Amino acid sequence: SVAINGNYVLVGAYGNDTYTGSVYLYKFSESGTAGQPDASFTIDNSLQIFASDPDTNDQFGFSVAIYGSYALVSSRHNDNATGSAYLYKFSESNTNASFTIDNSYRILASDASANDQFGNLVAINRNYVLVGAHMNDVDGDSDAGSANI
């Protein structure tokens, strides 16, 4: 999964390390004239992010979203495929051009159950986070799916 916001790119690599997964955060800049042969991109900064509770087959990074200095990352097979999502706030140091994770928060479904795959898809906009659980059982319907704000 890939997400872009401004000059930031978030790339999910859910298959890394036997599907434990990781995410790459990049900041890029553009030089030259857009659409011309002299146009080019430069990676100004990068950071690899790992789940705070990594485990084989968690698929951390299956879905990613970014808004401003917030990165949202899914881990749909975390805890027996119950799933979870992680919200990160990051900042940059101008002196050494590196990213710092200022804060992180693990998000769980209020009705979490094995095989729900909470975090199959994630989205973020301003102060809102949306996390999908496409295998969630709803009102007696098996694997009906749901979304949580």
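Residues numbered from 1 in each chain as written. Predicted model: local features only at pLDDT ≥ 70, side-chain atom pairs only at ≥ 80, totals over all residues. Heavy atoms only, no water.

Chemist: Sorry if this is basic, but what is going on with the pairing of strand 7 (residues 84–93) here?
Modeler: If a strand is regular, its side chains alternate between the two faces of the sheet. By the bridge criterion, six bridges tie strand 6 (residues 70–75) to strand 7 in an arrangement that is antiparallel. Paired with Val-73 across the two strands is Tyr-86, which belongs to strand 7. Pairing between strand 7 and strand 8 (residues 98–107): nine bridges, direction antiparallel. Bridge assignment links Glu-92 to a residue of strand 8, and that residue is Phe-99. (Pairing = 2+ DSSP bridges. Helix = DSSP H or I, 4+ residues; strand = E, 2+ residues; numbered from the N terminus.)

Chemist: Even after reading the chapter, I still don't get the packing of aromatic side chains, so can you show me in this structure?
Modeler: For any pair of aromatic rings, the description rests on two quantities: the centre-to-centre distance and the angle between the ring planes. Considering all chains together, one arrives at nine aromatic pairs under this definition. Both rings, one in Tyr-8 and one in Phe-99, keep their centres 6.2 Å apart while their planes meet at 50°; by these two values the pair is tilted. Here Phe-99 lies in strand 8 and Tyr-8 lies in strand 2 (residues 8–13), a separation of 91 residues in the sequence. A relative accessible area of 17% means that Tyr-8 is categorised as buried. We classify Phe-99 as buried; its relative accessible area is 7%. Arranged with centres 5.4 Å apart and planes meeting at 75°, the rings of Phe-60 and Tyr-86 form a pair that is edge-to-face. With Phe-60 in strand 5 (residues 60–67) and Tyr-86 in strand 7, this pair connects stretches of sequence that are 26 residues apart. A relative accessible area of 0% means that Phe-60 is categorised as buried. (Phe/Tyr/Trp six-rings, centres within 6.5 Å; stacked < 30°, edge-to-face > 60°. Buried < 20%, exposed > 50% of the residue type's maximum accessible area, 1.4 Å probe, protein only.)

Chemist: In this structure, what is going on with the environment of Glu-30? I would like to understand it.
Modeler: Residue placement: Glu-30 occurs in strand 3 (residues 22–31). As for Glu-30 and Thr-100, which are separated by 70 residues in sequence, their C-alpha atoms are 23 Å apart. Non-local contacts of Glu-30, meaning those with residues more than four positions away in its chain, are made with Ser-40 and Phe-41. (Contact = heavy atoms within 4.5 Å.)

Chemist: Just checking my understanding: could you explain unusual backbone geometry for this structure?
Modeler: Backbone geometry follows two general trends: most residues other than glycine have a negative phi, and most peptide bonds adopt the trans configuration. The phi dihedral of Arg-126 is positive, around 55°, even though this residue is not glycine. Assignment of secondary structure puts Arg-126 in the loop between strand 9 (118–125) and strand 10 (128–133). Judged by its relative accessible area of 59%, Arg-126 is exposed. One non-glycine residue, Asp-143, lies in the positive phi region at around 60°. Mapping Asp-143 onto the fold places it in the loop between strand 10 and strand 11 (146–148).

Chemist: I'm lost on the environment of Thr-18 in this one. Help?
Modeler: Structurally, Thr-18 can be placed in helix 1 (residues 16–19). Taking the C-alpha atoms as reference points, Thr-18 and Asn-57, separated by 39 residues in sequence, lie 6.4 Å from one another. Among all residues touching Thr-18, those that are not within four sequence positions of it are Thr-56 and Asn-57.

Chemist: Whenever I open this one, a negative patch on the surface confuses me. Can you help?
Modeler: Taken together, the side chains of Asp-137, Asp-139, Asp-141 and Asp-143 make up a negatively charged region of the molecular surface. Within the secondary structure, Asp-141 is located in the loop between strand 10 and strand 11. In this structure Asp-141 comes out as partly exposed when scored by relative accessible area, which is 48%. (Patch = residues over 30% accessible without salt bridge, like charges linked within 9 Å, V, L, I, M, F, W, Y side chains within 5 Å. Areas by Shrake-Rupley, 256 points an atom, 1.4 Å probe, with all protein chains shown as cover. Salt bridge = Lys/Arg side-chain N within 4 Å of Asp/Glu carboxyl O. Lys, Arg positive; Asp, Glu negative; His and termini not counted. Charge placed at Lys NZ, Arg CZ, Asp CG, Glu CD.)

What is shown is where atoms sit, not what they do.
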